[in-house]
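Close look at the chain arrangement
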Amino acid sequence: MKLKSILVAGAAMAMSATIANAATLDDVKARGELNCIVTTGLVGFAYTDESGKWNGFDVDFCRGVAAAVLGDGMKVKFVPTTGKTRFTALNAGEGDVLYRNTTVTMSRDADLKLTFLGVNYYDGQGFMVSKDLGVTSAKELDGASVCIQTGTTTELNLADYFRATGMSYEPVPIETNEEARTNYLAGRCDVYTTDASGLAASRATFDDPKNHIILPEIISKEPLGPAVRQGDDDWADINRWVLNAIIEAEEFGITSANVDEMAANPPNPSIARILGVEGNYGEMIGLDNEWAKRVIKAVGNYGEIFDRNIGPNTEIGLERGLNAQWKDGGILYSAPIR
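As the structure is a prediction and not an experimental result, all values here were calculated from the model. (Residues numbered from 1 in each chain as written. Predicted model: local features only at pLDDT ≥ 70, side-chain atom pairs only at ≥ 80, totals over all residues. Heavy atoms only, no water.)

**Structural notes on empty space enclosed by the protein**
Rules: Residues are called lining when one of their atoms sits within 4 Å of a cavity or pocket point, these points coming from a 1 Å grid over the protein atoms alone, where a cavity is a set in which a 1.4 Å probe fits but cannot get out and a pocket is an open set with protein on both sides within 12 Å along at least five of seven lines. Grid points are joined across faces, edges and corners, and a volume is the space filled by probe spheres set on the points. The helix count covers DSSP runs of H or I at least four residues long, the strand count covers runs of E at least two residues long, and both are numbered beginning at the N terminus.
Using the criterion set out here, one finds two cavities of 30 Å³ or more in the structure. Its boundaries defined by the atoms lining it, the largest cavity holds a volume of some 160 Å³. Lining the largest cavity we find 19 residues, and of these Asn-101, Thr-152, Thr-154, Thr-194 and Asp-195 sit closest to its centre. Listing elements by their share of the lining of the largest cavity, those giving two or more residues are helix H5 (153-165), strand E11 (191-195), helix H7 (196-203) and strand E13 (222-224).

See the structure below:
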């Protein structure tokens, strides 16, 4: 009887785990819409245009997930959050996945019970000042007032940097990028600090961007990536492999323009696997075999997403740098679909 009870209890636990792991995918399909958590507004990464449509680097990754799961990259509801509210919103079920220029850290992974899925942008924290301040290095910021977004790794890195260098600063706490820009431009703080990509994005919105410089020092590692709630491994797998497919598509030259041609006549086995011509890789994550083809057709590969939203020919003007493919001198690297 005791053994029978243990077996019954074990079967019940296994069934419960299976149901829990299928919950998010089932919910998204039933809803017919992906709820994607993004920032309240950061040009180039996640922002609304004049018509109210969401655009940006992180936005495109959200649309990629929707294309894989729902067959349509436009079936996304965007949930804007601040640095303080993003994790609460995710764990409360207000969003299905978090794509909000969020740094992967141990405490967020283990203590906040998030599952990070990889890195979609390698960044680092920097400082922006007006040329009028006459500063050319972060080592000259002793006594400066600094606009800093609360509830972020940026806040902690700032304290660490000034303590390590023996300098003092006056924090000017803010909650959103818009609030930071407003306070900085109004002269309520001497310095604005956040991820270097965020500084470039903010500067692009200024009336006189050339009057503001990003100092050369990068004081931290900020690997930015998507996250989901812990306890739903199937959903995590889907999101992880959408990210990997977007990165690997660039490595193999698959674009939104040639994806149909590549699928019809794959030049090599790797491309055949990515596009579902060979193997049952879609079945492994609860989708059909054309999931990655839909993703690439909807939003393009990593290079297309980067160039379209934040690349050298945009107002943000970011170079690939660390975010170049591994074979091109960067550290962008996808686990293989095989």
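Following the structure, the description resumes.
**Focus on the pattern of salt bridges**
To keep it simple, the criterion reads: Each reported salt bridge corresponds to a side-chain nitrogen of Lys or Arg within 4 Å of a carboxyl oxygen of Asp or Glu.
Under the criterion given, the structure shown has 10 salt bridges. For Arg-181, the salt bridge identified is with Glu-178, shortest N-O distance 2.7 Å. One end of the pair, Arg-181, and the other, Glu-178, are both in helix H6 (residues 177-185), three residues apart, so they sit about a helical turn from each other. Here Asp-237 and Arg-240 are joined by a salt bridge, their closest N and O atoms 2.9 Å apart. Of this pair, Asp-237 and Arg-240 both sit in helix H8 (residues 233-251), three residues apart, which is roughly one turn of that helix. Put simply, Asp-260, Lys-293 and Lys-297 are held in one network by salt bridges that share partners.

**Examining the nonpolar core**
The cut-off we apply is this: For this analysis, a nonpolar core means a set of buried residues of the types Ala, Val, Leu, Ile, Met, Phe, Trp, Tyr and Cys, connected via side-chain atoms within 4.5 Å. Per-residue accessibility, obtained with a 1.4 Å probe over protein chains only, is compared with the maximum for each type, and a residue is labelled buried under 20%, exposed over 50%, and partly exposed between these values. Note on definitions: a residue-residue contact is assigned when non-hydrogen atoms from the two residues lie within 4.5 Å.
By size, the foremost hydrophobic cluster in this structure holds 61 residues, and its most contacted members are Cys-36, Phe-57, Val-69, Trp-235, Leu-275, Trp-291 and Tyr-302. Dropping the residues within four chain positions of it, Tyr-302 is found in contact with Phe-57, Phe-61, Asn-120, Tyr-121, Ile-246, Ile-247, Glu-250, Arg-320, Asn-323 and Leu-332.

**Things to note about the pairing of strand E1 (residues 34-39)**
Going by this rule: Strand pairing follows a simple DSSP-based rule, namely that at least 2 bridges must link the two strands.
Taking burial as the measure, the six residues of E1 include six buried ones, the bulk of the element. Note: E1 against strand E4 (residues 76-81), six bridges, orientation parallel. Bridge pairing links Thr-39 to Thr-81 in E4. Direction of pairing for E1 relative to strand E5 (residues 97-98): parallel, over a ladder of two bridges. Opposite Ile-37, over in E5, you have Leu-98 as the bridge partner.

**A short note on the state of the cysteines**
In plain terms, the rule: Put simply, a disulfide is two cysteine sulfurs that come within 2.5 Å.
Applying the stated criterion across every chain yields a total of two disulfides. In this model, Cys-36 is linked to Cys-62 through a disulfide, with the two sulfur atoms separated by 2.0 Å. Looking down the S-S bond of the Cys-36 and Cys-62 bridge, the torsion is -55 degrees, so its handedness is left-handed. In this pair, Cys-36 is assigned in strand E1 and Cys-62 in helix H2 (residues 57-70), connecting sequence segments 26 residues apart. Take Cys-36 and Cys-62: they sit in the same class, and that class is buried. Among the cysteines of the protein that take part in disulfides, numbered as they appear in the sequence, the pairing is 1-2, 3-4.

**What to know about the packing of H2 against H8**
Stated precisely, the cut-off is as follows: Lines fitted to C-alpha atoms define the axes, with helix axes restricted to the stretch in contact, and inter-axis angles between N-to-C directions lie between 0 and 180 degrees. Here is the rule for handedness: rotate from the far helix to the near one, and if that takes an anticlockwise turn smaller than a right angle the crossing is left-handed, while a clockwise turn gives right-handed. Residues are grouped as follows: Ala, Val, Leu, Ile, Met, Phe, Trp, Tyr, Cys and Pro are nonpolar; Asp, Glu, Lys and Arg are charged; every other residue, Gly included, is polar.
The geometry of H2 relative to H8 is characterised by a closest axis approach of 10 Å and an angle of 115 degrees between their N-to-C directions. Remark: the crossing between H2 and H8 carries right-handed chirality. Contacts from Phe-61, Gly-64, Val-65, Ala-68 and Val-69 of H2 reach H8 at Trp-235, Ile-238, Asn-239, Val-242, Leu-243 and Ile-246. By residue class, the composition of the contact of H2 with H8 is nine nonpolar, two polar and no charged.

**Notes on the packing of aromatic side chains**
Note the following rule: Here the aromatic set is Phe, Tyr and Trp, taking the six-membered ring for Trp, and pairing holds for ring centres within 6.5 Å; pairs whose planes are under 30 degrees apart are stacked, those over 60 apart are edge-to-face, and all others are tilted. Definition used: whenever NZ (Lys) or CZ (Arg) falls within 6 Å of the ring centre and also within 35 degrees of the ring normal, the charge is taken to sit over that ring.
For the coordinates displayed, the defined rule picks out 17 aromatic pairs. Ring centres of Phe-162 and Tyr-169 lie 4.7 Å apart, and the angle between their planes is 45 degrees; this geometry places the pair in the tilted category. Given a relative accessible area of 1%, Phe-162 falls into the buried group. Since its relative accessible area comes to 26%, Tyr-169 is described here as partly exposed. The interplanar angle of 55 degrees and the centroid separation of 5.6 Å between the aromatic rings of Trp-326 and Tyr-333 together place this pair among those described as tilted. For Trp-326, a relative accessible area of 42% puts it in the partly exposed group. Grouping aromatic residues by their ring pairs yields a cluster made of Phe-45, Phe-57, Phe-61, Tyr-99, Tyr-121, Tyr-302 and Phe-306. Looking at Arg-320, its charged tip hangs above the ring of Phe-306, at a distance of 5.2 Å from the centre.

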